[in-house]
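# Structural overview
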Amino acid sequence: QVQLAESGGGLVQPGGSLRLSCAASGIISGVYTMDWYRHAPGQQRELVATIAGGGGSSTNYADSVKGRFTISRDNAKNTMYLQMNSLKPEETAVYYCNVHRLFPSSADYWGQGTQVTVSS
């Protein structure tokens, strides 16, 4: 069973930075991606960034965060990160990490979320 735990959220001023972490426990095998989502009140959950699992390193970002956010992974620590720079008030949300397994069977694993508040 895969378990995910996010940390690093908090209150930051507009234009500031935060780094989120997602620690994974359990065995993740097969073909999968590791993702960051965010969910703001009254809005749909949004995929923010994706990084390939296993030995892969390809990344993808939502257009709204390109050039400001960086997703990365430390396999030795079983931890994924999201470096967020130049944060905007509208990016206030609960941020979740996700493991999306594609093969051998489809599965999704979620963390409990971490609150990010961008406000002066």
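Note that the structure is a prediction, hence the values are computed from the model and not measured.

## Observations regarding the side chain of Ser21
Structurally, Ser21 can be placed in strand β3 (residues 18-25). The buried category is assigned to Ser21, whose relative accessible area is 16%. Ignoring sequence-local partners within four residues, the contact set of Ser21 consists of Ala5, Glu6, Ser7, Trp36, Thr79, Met80 and Tyr81.

## Section: the sheet that holds strand β7 (residues 69-74)
Ordered by their spatial adjacency, four strands build an open sheet running β1-β3-β8-β7, and the pairing between neighbours is antiparallel. At either margin of the open sheet sits one strand with a lone partner, and together these are β1 (3-7) and β7. Ignoring strand direction, the axes of neighbouring strands in this sheet form an average angle of 15 degrees. With six bridges joining them, β7 and strand β8 (residues 79-84) adopt antiparallel strand pairing. From the neighbouring strand, Phe69 faces β8, where its bridge partner is Met84.

## Thoughts on the nonpolar core
Trp36, Leu82, Met84 and Tyr95 are the most contacted members of the largest nonpolar core, which totals 30 residues. Secondary-structure elements contributing two or more residues to this core are β3, β4 (31-39), β5 (46-52), β7, β8, β9 (93-103), β10 (107-110) and β11 (114-118). If sequence neighbours within four positions are ignored, Met84 has contacts with Gly16, Ser17, Leu18, Leu20, Arg68, Phe69, Tyr95 and Val116.

Here is what the cut-offs are and how they apply
- Residues numbered from 1 in each chain as written.
- Predicted model: local features only at pLDDT ≥ 70, side-chain atom pairs only at ≥ 80, totals over all residues.
- Heavy atoms only, no water.
- Helix = DSSP H or I, 4+ residues; strand = E, 2+ residues; numbered from the N terminus.
- Buried < 20%, exposed > 50% of the residue type's maximum accessible area, 1.4 Å probe, protein only.
- Contact = heavy atoms within 4.5 Å.
- Pairing = 2+ DSSP bridges.
- Axes fitted to C-alpha atoms, helices over the stretch in contact; angles between N-to-C directions.
- Core = buried A, V, L, I, M, F, W, Y, C linked by side-chain atoms within 4.5 Å.

Fair warning: the whole summary comes from geometry, so function is off the table for now.
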